[in-house]
Every structure is written in structure tokens, then in C-alpha cells.
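Overview (structure and organization)
Listed below are the residues making up each chain.
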Amino acid sequence: MTIDSFRGEYDFLSNFYSCPVEFEGQTFLNSEAAFQAAKCLDMKVREDFFNLSAGQAKRKGRKVELREDWETVK
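So, how was this worked out
- Residues numbered from 1 in each chain as written.
- Predicted model: local features only at pLDDT ≥ 70, side-chain atom pairs only at ≥ 80, totals over all residues.
- Heavy atoms only, no water.
- Helix = DSSP H or I, 4+ residues; strand = E, 2+ residues; numbered from the N terminus.
- Polar contact = N/O pair within 3.5 Å; in protein donor to acceptor, adjacent residues only side chain to side chain.
- Contact = heavy atoms within 4.5 Å.
- Buried < 20%, exposed > 50% of the residue type's maximum accessible area, 1.4 Å probe, protein only.
- Pairing = 2+ DSSP bridges.
- Patch = residues over 30% accessible without salt bridge, like charges linked within 9 Å, V, L, I, M, F, W, Y side chains within 5 Å.
- Areas by Shrake-Rupley, 256 points an atom, 1.4 Å probe, with all protein chains shown as cover.
- Salt bridge = Lys/Arg side-chain N within 4 Å of Asp/Glu carboxyl O.
- Lys, Arg positive; Asp, Glu negative; His and termini not counted.
- Charge placed at Lys NZ, Arg CZ, Asp CG, Glu CD.
- Core = buried A, V, L, I, M, F, W, Y, C linked by side-chain atoms within 4.5 Å.

Turning next to the side chain of arginine 67. Following the sequence through the fold, arginine 67 ends up in the loop between α3 (54–61) and α4 (70–73). In this structure the side chain of arginine 67 is engaged in a polar contact, spanning 3.2 Å, whose partner is the backbone oxygen of alanine 38. Residues in contact with arginine 67, not counting those within four places in the same chain, are Ala38, Lys39, Cys40, Leu41, Arg46 and Val73.

Below is the structure:
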């Protein structure tokens, strides 16, 4: 069986699925927000992602200054 869509019964596999995610002691509304926040080492900037929808987090994540080791740690 191949899962080729994160919709319907497999929507929970998407980064956009609304489900609290704890990352490094901080809680985000979804894994997309946690992923985008992880791009920054500045905890004040990460806090901006706490209550964002996945779409909002993705847009904001395009504008943050990436941590130097992002390509390695992502």
C-alpha cells in the first residue's frame, strides 16, 4: 500500500495537521510551526510561532534569518 496523499484518513501525517507539538520544551499548534521555528536559535523569534496556523507559520518561516547549521539539522 502506498500513501500518496495527506488528506482524508491520512491527514494526521501532514505537517499542516492541527495537533499540539512539543519541541525543545515549547508547544506549537502543529508540526509545521515547530519546524519553521526550529530555523531560528533566538527563542524570542521562536515564540512568534507558538500560536500560528500551519499556513501562517510557513509564510513567516520564509522570512526568518536561518541558523547557520540549518541545512545540517533540518
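So, about the environment of leucine 41. Tracing the sequence through the fold places leucine 41 in the loop between α1 (31–37) and α2 (43–47). Along the backbone, leucine 41 and arginine 67 are 26 residues apart, and their C-alpha atoms lie at a distance of 6.3 Å. Leaving out residues up to four positions away in the same chain, leucine 41 has contacts with Arg46 and Arg67.

Counting buried positions over the six residues of strand β1 (residues 18–23) gives zero, only a small fraction of the element. Sheet topology note: the β1/strand β2 (residues 26–30) ladder contains four bridges and is antiparallel. The residue bridging valine 21 from the neighbouring strand is phenylalanine 28, located in β2. Taken together, β1 and the strand that follows it, β2, pair antiparallel across an intervening segment of two residues, in which glutamate 24 is found at a positive phi of about 50 degrees.

Another point: a positive patch on the surface. On the surface, Lys58, Arg59, Arg62 and Lys63 cluster together into a patch of positive charge. Considering the arrangement of structural elements, one finds lysine 63 in the loop between α3 and α4.

All right, on to unusual backbone geometry then. If you check the backbone angles, glutamate 24 has positive phi at about 50 degrees while not being a glycine. Topologically, glutamate 24 is positioned in the loop between β1 and β2. Residue classification places glutamate 24 among the exposed positions, given a relative accessible area of 54%.

To continue, consider the nonpolar core. Phe28, Ala33, Ala34, Ala37, Cys40, Phe49, Leu52, Ala57 and Val64 together form the largest nonpolar core, which totals nine residues. Counting residues per element, this core draws most heavily on α1, at three residues. Once you skip the residues sitting within four places of it in the chain, alanine 57 turns out to touch Glu32, Ala33, Gln36, Phe49 and Leu52.

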